[in-house]
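Residue-level structure breakdown
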Amino acid sequence: MLHLNHPMFNLLKSQLKNTLITLLLATLFLGISTAGWTPSSSAGLPAGNAITDGKALLRYALPIDNKPVRELQASLEDISNQLRANRRWGAVSKDLGKASRILNNPSQILASVPDENKPRAEALISELKSGVNELEEVAKTKDKEKILTTRTDLLNIVGELEELMVQGFPFEVPEEYSNLPQLKGRATVEMKTNKGTITLVVDGYNAPVTAGNFVDLVQRGFYNGLEFTRAEESYVVQTGDPPGKEVGFIDPKTGKYRAIPLEFLVEGDKEPTYGITLEQAGRYTDLPVLPFSAYGAVAMARPENEVNGGSSQFFFFLYEPELTPAGRNLLDGRYSVFGYVTEGKEVLRELKAGDKIESAKVVKGAEKLVEPEQA
């Protein structure tokens, strides 16, 4: 069973909505409830604007090192920030100008693309050039909706371009987990519920064991027909508890509960941390590459006192920035995020306890699943 409740959370949800007091009290609440483990110097809200879009987080989480393409992505991402901030058209034009300059020097981008992927990368860069030119013309009309739609299309192309840069798997998973499925890359899962269809991207680059377990269970049909057992507005939607007395997956080969370790890659680290929370490790200010800062973050549930006790149960995090600000929501570093909902976020708002997963299937990336070396 997943234990996520914290004192006063429900009170905050019901009494504080859409006012400045909401943010102030949430800040105060989080400062008090984290006082036992967060140094006073870092007890405030994190600086800067947190990334709250799952697709953007997935792009930044790719294991690549190419500064021009990251600057291209950042310029296009920033457009939505400027449009929200009183529609700063001058800043939008500046972002587009920077993107155009980067694309006019494609050799720096192509330098990180393996030879076999270069033809496709060149075609994508050509699409991006045309798209940025089009967006510059649209910006002159100040058509906000069209700008955002075109920007989204361009960022999808940037994401594909960045994926072409990935060369091999960035690290070795510890030998002790070789008996568990691993996802050496990414997979896309389509989950049909009685309230609609959800599409999620599962990230094995940053959580290979957790993601591998999930994809393996999807492939087995384990989730088909399972109910959502918990649904709390502005908090979580949870599922994965099989019928009967068991609370997780029993591997038919071993007859034992398949336990999944707590796993997350911390920003700046070269490989994931296993079996310990960031709090326990004394890394109070560090954040995972896959954070709980986006609506529809997908994470592994586990018993409160067993960091390596996860199995089949998982939850969708319903990010509410006023109540669970990024970096201080008490979940980062305590539970493993292994993907994000990319389509069907509106369905999450409709799901209630008792609703069902009608079917779940891997629609892309199934070949990235590596089966266990031993039973």
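Structure report, in brief. (Residues numbered from 1 in each chain as written. Predicted model: local features only at pLDDT ≥ 70, side-chain atom pairs only at ≥ 80, totals over all residues. Heavy atoms only, no water.)

1. Some details on the packing of helix H5 (residues 89-103) against helix H7 (residues 118-141)
Applicable threshold: Angles shown run from 0 to 180 degrees and are taken between the N-to-C directions of axes, each axis being a line fitted to C-alpha atoms and, for helices, limited to the stretch in contact. Runs of H or I in DSSP of at least four residues are treated as helices and runs of E of at least two as strands, each being numbered from the N terminus. Roughly parallel means an angle under 35 degrees; roughly antiparallel, over 145; roughly perpendicular, 65 to 115; everything else is oblique. Working rule for handedness: look at the near helix, and if it is turned counterclockwise from the far one by less than a right angle, call the crossing left-handed; if clockwise, right-handed. Note on definitions: a residue-residue contact is assigned when non-hydrogen atoms from the two residues lie within 4.5 Å.
The N-to-C vectors of H5 and H7 enclose an angle of 160°; their axes lie 10 Å apart at closest approach. Between H5 and H7, the angle is such that the two are roughly antiparallel. Relative to H7, the crossing made by H5 is left-handed. In this structure, H5 contributes Trp 89, Val 92, Leu 96, Gly 97, Ala 99, Ser 100 and Leu 103 to the contact, and H7 contributes Ile 125, Leu 128, Lys 129, Val 132, Leu 135, Glu 136 and Ala 139.

2. Brief notes about a positive patch on the surface
As a reminder of what qualifies: Within the patch definition used here, like charges are joined within 9 Å and nonpolar side chains (Val, Leu, Ile, Met, Phe, Trp, Tyr) within 5 Å, considering only residues with over 30% relative accessible area and no salt bridge. Note on areas: Shrake-Rupley with a 1.4 Å probe; residue coverage comes only from the protein chains shown. For salt bridges, the criterion is a side-chain nitrogen of Lys or Arg within 4 Å of an Asp or Glu carboxyl oxygen. By the counting scheme adopted, Arg and Lys are positive, Glu and Asp are negative, and His together with the chain ends is not counted. Taken as the charge centre is NZ of Lys, CZ of Arg, CG of Asp or CD of Glu, depending on the residue. When a residue's accessible area, from a 1.4 Å probe over protein chains only, is under 20% of the maximum for its type it is buried; when over 50% it is exposed; and in between it is partly exposed.
Taken together, the side chains of Lys 67, Lys 94, Lys 98 and Arg 101 define a basic patch exposed on the protein surface. For the positive patch, the element with the highest residue contribution is H5, accounting for 3 residues. Note on Lys 98: relative accessible area 35%, which makes it partly exposed.

3. A short note on H5
Put simply, the rule reads: Expected span of a helix, by definition, is 1.5 Å for each gap between consecutive residues, and there is one gap fewer than residues.
When the terminal C-alpha atoms of H5 are compared, their 21 Å separation across 15 residues agrees well with the 21 Å that a helix rising 1.5 Å per residue should span. Of the positions making up H5, those classed as buried are Trp 89, Val 92, Asp 95, Leu 96, Gly 97, Ala 99, Ser 100, Ile 102 and Leu 103. As for H5, its buried residues are in contact with helix H4 (67-84), helix H6 (106-110), H7 and helix H8 (144-163).

4. A few points about the packing of aromatic side chains
What counts, and what does not: Only the six-membered ring of Trp is used, alongside the rings of Phe and Tyr, when aromatic pairs are assigned; centres must lie within 6.5 Å, and planes under 30 degrees apart are stacked while those over 60 apart are edge-to-face, with the rest tilted.
Evaluated as defined, the whole model comprises 13 aromatic pairs. Pairing Phe 169 with Tyr 205 gives two aromatic rings, centres 6.1 Å apart and planes at 25°, and the pair type is stacked. With Phe 169 in the loop between H8 and strand E1 (182-183) and Tyr 205 in the loop between strand E3 (196-203) and helix H9 (208-220), this pair connects stretches of sequence that are 36 residues apart. According to the relative accessible area criterion, Phe 169 is partly exposed, its value standing at 23%. By relative accessible area, which is 11% here, Tyr 205 ends up buried. Consider the rings of Phe 315 and Tyr 335, whose centres lie 6.1 Å apart with planes at 80°: the pair is edge-to-face. Placement of the pair is Phe 315 in strand E11 (residues 314-317) and Tyr 335 in the loop between E11 and strand E12 (337-343), with a sequence separation of 20 residues.

5. Structural notes on the packing of H4 against H5
The description of two packed helices rests on the angle between their axes and on the distance between the axes. Running from N to C, H4 and H5 cross one another at 165°; their axes reach a closest spacing of 9 Å. In terms of their interaxial angle, H4 and H5 are classed as roughly antiparallel. Read as a crossing pair, H4 and H5 show a hand that is left-handed. Here Pro 68, Glu 71, Leu 72, Ser 75, Leu 76, Asp 78, Ile 79, Gln 82 and Leu 83 of H4 lie close against H5, whose contacting residues are Trp 89, Ala 91, Val 92, Asp 95, Leu 96, Lys 98, Ala 99, Ile 102 and Leu 103.

6. Considerations on the side chain of Gln 73
Position of Gln 73 relative to the elements: it lies in helix H4. In contact with Gln 73, not counting residues within four places along its chain, are Ala 56, Arg 59, Tyr 60, Leu 155, Val 158 and Glu 162.

7. So, the sheet that holds strand E5 (residues 236-239)
To be explicit about the condition: Strands pair, by our definition, only if DSSP identifies at least two bridges between them.
Overall, antiparallel pairing links the 8 strands, which are arranged E4-E5-E11-E10-E12-E3-E2-E13 in an open sheet. One side of each edge strand has no neighbouring strand; the edge strands of this open sheet are strand E4 (228-232) and strand E13 (357-364). Neighbour-to-neighbour, the strand axes of the sheet open up by a mean angle of 25°, direction not taken into account. Pairing between E3 and E12: 4 bridges, direction antiparallel. Paired with Leu 200 across the strands is Val 341, a residue of E12.

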